[in-house]
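Chain by chain, the residues:
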Amino acid sequence: MGMMKAWVLDHQAPIEMNPLAKKNLEIPEPAPGEIRVKVVTCGVCRTDIHIAEGDLPLKQASLVLGHEIVGIVDKLGEGTGRFQLGQRVGIAWLHKACGACKFCQSDRENLCPEAMFTGWDVNGGFAQYTTVHEDFAFELIDSLSFEALAPMMCPGIAGYRTYRLTEVKPGETLGLYGYGPTASYVLQVARAQGVKVFVVTRSEKNIKAAREMGADWVGNYSETLPERLDAAIIFPPAGDLVEGVLANLERGGRLVLSPVAMTPITIRDYNHIWMERSIISLANISRKDGKEFLKIAQEKKIKSLYETFGFDDLPEVMVRVKEGKIRGNAVIWID
Ligand SMILES: [Zn+2]
Ligand SMILES: [Zn+2]
């Protein structure tokens, strides 16, 4: 059996203390129903840092992180038939769902209690090869580059799900609080569908970036919005933003919280949520989100913002991601 190089997490520690080690692992064999993928690019996500640092429990010793995977089908397991060798595929955060529970049976596999996640329950993409059940791989298009596709697998698909959760319609107004790779995908999808987008962000750099990406209005947190919002999304994990955003929502407006964890939320004035305003959080992604987003990404020529790095740069890049020093999404070339 051949060997491959991989970055392995054996113990959890602050990312500055470099808990990752470069190792040689056996190249995995695809189980029945699975395909093996030769990884070409893999994006770095904040979730990778949360797992490495212990904010999320370590579910397997010697874990390979990474769930923004783009590669080439390299080997077909028994009983597969969806892909051909050499075909370009993507692997995202949802690695597998049970298919039998009430959530899976009602188009909500993102809520499946038995769901397994790439680069957490099973090895991910910071290695030369990985495996996935063929039903959970995404068919990818050749018109976008391996680098541009990698961040689409997480911020892209997750951003699309937050957008869907807002239920905003063409002609309505959507507010985005915070501006990074995920928000930039939401902005592009919303604009492509005729939704007016207001972006509220702190840094001058992000104000400029959101303007360039076509936002209808951009300002910082102290500015007054030109009009009330039919829906809003909060991206930073700051619970103290919630009440202020609710105060800007139109009657019946919907606020979607994108972070996995958030500081405490206090709503002191009931008037801010009165008149059927609602708050909903985002959890994971479904295959439907991925399929729909990737189709729009191709048709509307959605742009990714990213910086690329070599395989050996990963530990240092993770520190830079944590410090917010990457322009857009960090993408690692796996060679
Ligand atoms: Zn992610
Ligand atoms: Zn299920």
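Just above, that's the structure.
Residues numbered from 1 in each chain as written. Chains lettered and ligands numbered in written order. Predicted model: local features only at pLDDT ≥ 70, side-chain atom pairs only at ≥ 80, totals over all residues.

Novice: Looking at this model, I keep getting lost on the overall build of the protein chain. Mind explaining?
Specialist: Per the secondary structure count, the protein chain includes 7 helices and 17 strands. Projected onto its principal axes, the C-alpha coordinates of the protein chain cover approximately 65 × 40 × 35 Å. Considering the protein chain as a whole, with its 335 residues, one finds that 44% of them fall into the buried category. Counting contacts in the protein chain only where the partners sit at least 6 residues apart, residues at least 24 apart contribute 69% of the total. (Helix = DSSP H or I, 4+ residues; strand = E, 2+ residues; numbered from the N terminus. Buried ≥ 20, exposed ≤ 12 C-beta atoms within 10 Å, placed from the backbone. Contact = placed C-beta atoms within 7 Å.)

Novice: Teacher, can you tell me more about unusual backbone geometry here?
Specialist: Most peptide bonds take the trans form, and the phi angle of most residues other than glycine is negative. One non-glycine residue, Ser62, adopts positive backbone phi at about 55°. Counting through the fold element by element, Ser62 comes out in the loop between helix H1 (46–53) and strand S4 (68–76). Phi at Asn284 is positive, roughly 55°, even though this residue is not glycine. You can see Asn284 is positioned in the loop between strand S15 (278–281) and helix H6 (287–299).

Novice: Sorry if this is basic, but what is going on with helix H3 (residues 181–192) here?
Specialist: Because each turn of an α-helix spans 3.6 residues, side chains separated by three or four positions end up pointing in the same direction. For H3, with 12 residues, the first-to-last C-alpha span of 17 Å sits near the 16 Å given by 1.5 Å per residue. Within H3, 10 of the 12 residues are buried, which leaves it mostly tucked inside the rest of the structure. Within H3, the full set of buried residues consists of Pro181, Thr182, Ala183, Ser184, Tyr185, Val186, Leu187, Gln188, Val189 and Ala190. Following H3 by one or two positions, Gly194 has its phi on the positive side, about 80°. (Expected span 1.5 Å × (residues − 1).)

Novice: Explain the pairing of strand S17 (residues 329–333) to me, please; I cannot follow it from the model alone.
Specialist: The two faces of the sheet receive side chains in turn, since in a regular strand these alternate between them. Judged by how many residues are buried, S17 sits mostly within the fold: 4 of 5 residues are covered. Here strand S3 (residues 34–44) runs beside S17; their pairing, made up of 4 bridges, is antiparallel. Paired with Thr41 across the strands is Trp333, a residue of S17. The pairing of strand S16 (residues 306–309) with S17 spans 4 bridges and is parallel. Across the sheet, Tyr306 pairs through a bridge with Asn329, a residue of S17. The handedness of the S16 to S17 crossover, carried by helix H7 (residues 314–322), is right-handed. (Pairing = 2+ DSSP bridges. Right-handed = clockwise from strand over helix to strand, strands pointing away.)

Novice: What is the right way to look at the packing of H1 against H7 in this model?
Specialist: Any two packed helices are characterised by the angle at which their axes cross and by the distance between the axes. With their axes 10 Å apart at the nearest point, H1 and H7 run at an angle of 105° to one another. Comparing their axes, H7 and H1 come out roughly perpendicular. On H7, the residues that touch Arg46, Asp48, Ile49 and Ala52 of H1 are Met318, Val321 and Lys322. Its residues assigned to classes, the contact of H1 with H7 comprises 4 nonpolar, no polar and 3 charged. (Axes fitted to C-alpha atoms, helices over the stretch in contact; angles between N-to-C directions. Parallel < 35°, antiparallel > 145°, perpendicular 65-115°, else oblique. Nonpolar A, V, L, I, M, F, W, Y, C, P; charged D, E, K, R; others polar.)

Novice: I would appreciate a short explanation of the sheet that holds S15 in the present structure.
Specialist: Two orientations exist for strands paired in a sheet by backbone hydrogen bonds: parallel and antiparallel. Ordered by their spatial adjacency, 6 strands build an open sheet running S12-S11-S10-S13-S14-S15, and the pairing between neighbours is parallel. The open sheet terminates on both sides in strands that have one partner only, identified here as strand S12 (217–219) and S15. Each strand axis lies, on average, 15° off the axis of its neighbour in the sheet, ignoring direction. Direction of pairing for strand S11 (residues 196–200) relative to S12: parallel, over a ladder of 3 bridges. Paired with Phe198 across the two strands is Trp217, which belongs to S12. Along the sheet, helix H2 (residues 146–166) makes contact with strand S10 (173–177), strand S13 (229–234), strand S14 (249–257) and S15, crossing S14 at roughly 155°.

Novice: Would you explain the pairing of S4 in this entry?
Specialist: Of the strand pairs in this sheet, S3 and S4 are connected by 8 bridges, and their pairing is antiparallel. In the strand pairing of S4, Ile35 is matched with Leu76. Examined bridge by bridge, S4 and strand S5 (residues 88–91) share 4 bridges and lie antiparallel to one another. Opposite Ile72, over in S5, you have Arg88 as the bridge partner.

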